[in-house]
Amino acid sequence: MAHRPRAAAARGDAARRRRRGAAARLGQRRRARARRRRRRDRLGRLVRARRGARAAAAHGAARRADRARGARRRGRDLHLHQRPDPAGDASVSALGSFTPREIVSELDRYVVGQRDAKRAVAIALRNRWRRQQVGPELRDEIAPKNIILIGPTGVGKTEVARRLAKLAQAPFLKVEASKFTEVGYVGRDVESIVRDLADLAVQMVTEEEKRAVRVAAEERAEERILDALLPLAPGAATEPVPAGGETREKLRQMLRQGLLDSREIEVDLPDTAASPQMSIFTPQGVEEMGVQFKDLLGNFFPKKTRRRRLAIPAAREAFAADEATRLVDMDRVRELAVERAEQTGIVFIDEIDKIAAPSAGGRQGPDVSREGVQRDLLPIVEGSTVQTKHGPVRTDHILFVAAGAFHVAKPSDLIPELQGRFPIRVELSSLSESDFVRILTEPDNSLVRQYVALLATEQVKLDFREDGVRAIAAIAAQVNARTDDIGARRLHTVMERLLDEVSFDAPDLGGRELVVDEAFVRERLGELARDEDLSRYIL
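This one's a predicted model, so the numbers in the text were calculated from it and none came from an experiment.

Definitions and cut-offs
Along each chain, residue indices are assigned from 1 in the same order as the chain's sequence is written. A pLDDT threshold of at least 70 governs which residues receive local features in this predicted model, and a stricter bar of 80 or more applies before side-chain atom pairs are shown or counted, although totals over entire chains, interfaces and linings include all residues. Calculated side-chain values reflect all of the structure's heavy atoms, with hydrogen atoms and water omitted. Distance thresholds for patches are 9 Å for like charges and 5 Å for nonpolar side chains (Val, Leu, Ile, Met, Phe, Trp, Tyr), applied to residues having over 30% relative accessible area and no salt bridge. Every accessible area reported is derived by Shrake-Rupley at a probe size of 1.4 Å, with residue values counting cover from the shown protein chains alone. Just to be clear on terms, a salt bridge is a Lys or Arg side-chain nitrogen sitting within 4 Å of an Asp or Glu carboxyl oxygen. Counted as positive: Lys and Arg. Counted as negative: Asp and Glu. His and the chain ends are not counted at all. Positions of charges follow a simple convention, taking NZ of Lys, CZ of Arg, CG of Asp or CD of Glu. Here a helix means four or more residues in a row that DSSP labels H or I, a strand means two or more in a row labelled E, and each is numbered from the N terminus. By definition here, a helix of n residues has an expected span of 1.5 Å times n minus one. A residue's bend is the angle separating two fitted axes: one through the seven residues that end there, the other through the seven that start there. Whether a residue is buried, partly exposed or exposed follows from its accessible area with a 1.4 Å probe, protein chains only, as a fraction of its type maximum: under 20%, in between, or over 50%, in that order. Put simply, two rings from Phe, Tyr or Trp (the six-membered ring, in Trp's case) pair if the centres are within 6.5 Å, and we call them stacked under 30 degrees between planes, edge-to-face over 60, tilted for the rest. The criterion is that NZ of a Lys, or CZ of an Arg, lies within 6 Å of the ring centre and within 35 degrees of the ring normal, and then a charge sits over that ring. Think of a 1 Å grid over the protein atoms and nothing else: a 1.4 Å probe that fits but is trapped marks a cavity, an open set flanked by protein within 12 Å on at least five of seven lines marks a pocket, and residues with an atom within 4 Å of a point count as lining. Grid points are joined across faces, edges and corners, and a volume is the space filled by probe spheres set on the points. Ten residue types, Ala, Val, Leu, Ile, Met, Phe, Trp, Tyr, Cys and Pro, are classed as nonpolar, four, Asp, Glu, Lys and Arg, as charged, and the remainder, Gly among them, as polar. A pair of strands is considered paired only if DSSP assigns at least 2 bridges between the two. Interaxial angle, 0 to 180 degrees, is taken between N-to-C directions of lines fitted to C-alpha atoms, where a helix line uses only the stretch in contact. Contact criterion: two residues are considered in contact whenever any of their non-hydrogen atoms come within 4.5 Å of each other.

Trainee: Now, about a negative patch on the surface: what can you tell me, with residues and values included?
Mentor: Together, Glu496, Asp500, Glu501, Asp505, Asp508 and Glu523 line one region of the surface with negative charge. The dominant element in the negative patch, judged by the number of residues it contributes, is helix α21 (residues 500-505), at three residues. Looking at where Glu523 falls in the secondary structure, it is placed in helix α22 (residues 518-530).

Given below as structure tokens:
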């Protein structure tokens with residue numbers, strides 16, 4: 001029985017099964033169509049057979065793919081009538097997308113070595129985002145862990161700060177500690193740091209708000225251009241052609257197609273240069289009073305406009321910028337800017353070793369720009385409120401990163417209270433010859449790539465060979481060892497001296513290719529590097 005042949009299928013069964021299979025794959029079978037069809041009455045309510053209308057069923061739990069798709073949709077750009085979520089800061093959200101490992105990897109593109117410094121900065125940045133995820137009862141209690149970068153000049157302290165500013169997407173201010181003096185003496189007081197940080201935050205938020213209203217501003221700019229192109233309505237002295245007129249719509253289409261870009265129109269734009277210029281001198285520590293008084297006097301003078309003749313593309317940009325400025329709510333901008341400066345602001349204090357009084361030798365006279373500055377800097381670092389023209393700014397959660405070479409003074413020469421406010425200390429190592437080779441070749445903005453791009457504008461092709469790069473690094477390391485060690489900055493001097501004649505004669509060398517190998521480097525710099533006296537003054 002098991003081996004008996006099966007009965008032949010009825011006529012037409014095979015074709016029917018093929019049709020059913022194809023219909024099932026396409027979702028066209030009767031049951032599939034019935035599942036998709038939802039019976040509704042005239043009011044759109046769901047209807048069951050012979051039972052009338054019923055309420056719509058509750059939304060079921062979405063699948064993982066649906067949830068991911070919804071998250072992507074919610075992450076798209078906002079509409080013109082929508083505002084960003086006030087509960088979340090854009091800079092903090094953008095910062096949260098970078099893990100510490102990704103931050104270090106991004107810094108590796110521009111800074112060679114110094115892994116400890118990169119790790120400390122990456123952890124500090126990530127902690128800004130982590131604090132925002134903590135509950136409100138504990139969030140205000142978490143203070144930032146300020147950092148001191150210790151290392152000789154030219155090892156990458158300032159470069160880490162520069163790249164940190166671009167990566168953080170937050171208000172970032174770099175200041176020199178040696179420019180400040182104690183309150184009561186000539187110079188800048190340390191509270192100007194917070195005022196400058198607030199100004200930067202306002203500029204940043206203003207630009208973001210202008211980008212948000214850019215589309216609406218361009219629409220208004222288009223209407224102003226059409227008003228300038230169209231003549232006045234016949235029989236009217238002041239009324240332009242109506243907005244819905246046939247001529248206006250034709251001009252609108254021509255404007256959008258770029259057919260009118262060669263025409264020039266006369267436009268009235270705000271004249272900022274015509275406003276009166278005032279310089280107000282105030283006592284030390286009350287500069288903000290002078291700024292507010294200057295703004296108050298400026299409001300008494302009427303806003304002036306200046307008529308200019310511009311091509312239509314330039315007029316469109318000028319009108320769009322003017323309309324974007326009008327559409328931005330400056331009160332909201334100031335509120336957001338102050339909050340962003342308080343929650344995500346970063347201050348980089350360079351040359352902090354210059355305000356550390358050496359313990360040896362003693363002190364004589366008033367310490368105007370050293371210990372006095374440290375005492376004034378202490379309340380800002382530990383947390384205080386500074387009055388600015390945009391409102392009071394609290395410094396409790398501003399991250400301070402200090403850096404110094406500490407050749408003469410030591411970090412322990414800072415006053416103990418200030419030392420305690422910088423709990424993280426990172427020592428950057430000096431650069432070796434192998435580091436110089438990596439600096440010349442690995443970063444995206446390496447000196448080799450810069451010089452190749454510069455001379456390519458003169459149709460001169462530079463070909464840096466591997467032995468030539470090693471020779472440049474060896475000379476830079478040798479000169480640093482014999483004279484003052486200025487780190488990677490020595491490479492700039494060596495490269496300029498090496499390519500001095502090529503840069504001068506480049507316009508006459510169009511189309512040529514120059515090979516920079518070890519022989520070329522030794523020919524140009526060998527004798528100079530061997531002579532210690534000459535290298536001290538030239539390299």
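There is more to say after this.
Trainee: I'd like to hear about α22, residue by residue, with values.
Mentor: Between its first and last C-alpha, α22 extends only 15 Å over 13 residues, short of the 18 Å set by a 1.5 Å rise per residue. Bending of α22 peaks at approximately 50° at the position of Arg524. Turning to α22, its buried residues number three or more, namely Phe520, Val521, Leu525, Gly526, Leu528 and Ala529.

Trainee: Can you tell me about the packing of aromatic side chains, naming the residues and giving the values?
Mentor: To describe a pair of aromatic rings, you give the distance between the ring centres and the angle between the ring planes. Counting across every chain of the model gives zero aromatic pairs. Positioned above the aromatic ring of Tyr110, the side-chain terminus of Arg163 is 3.9 Å from the ring centre.

Trainee: Before we move on, could you go through empty space enclosed by the protein and cite the residues and values that matter?
Mentor: Gaps left between atoms are located by rolling a probe of water-molecule size over the structure's atoms. Taken as a whole and assessed by the stated rule, the structure comprises one cavity of 30 Å³ or more. Of the pockets and cavities examined, the largest cavity occupies roughly 30 Å³. Lining the largest cavity are Ala177, Phe180, Val190, Ile193, Ile349, Ile355, Val373 and Leu377. Taken together, the residues of the lining of the largest cavity break down into eight nonpolar, no polar and no charged.

Trainee: Please set out the sheet that holds strand β11 (residues 424-427) residue by residue, giving values where relevant.
Mentor: In a beta sheet, neighbouring strands pair by backbone hydrogen bonds and run either parallel or antiparallel. Pairing is parallel across the open sheet formed by five strands, whose spatial order is β4-β7-β10-β3-β11. Two strands close off the open sheet at either side, each with one partner strand: β4 (172-176) and β11. Along the sheet, successive strands turn relative to each other by an average axial angle of 15°, direction set aside. Sheet topology places strand β3 (residues 147-150) next to β11; four bridges connect them, and they run parallel. Residue Leu149 lies in a different strand from β11, and its bridge partner there is Val426. Contacting β4 and β7 (346-350), helix α9 (residues 192-212) crosses the sheet at an angle of about 145° to β4.

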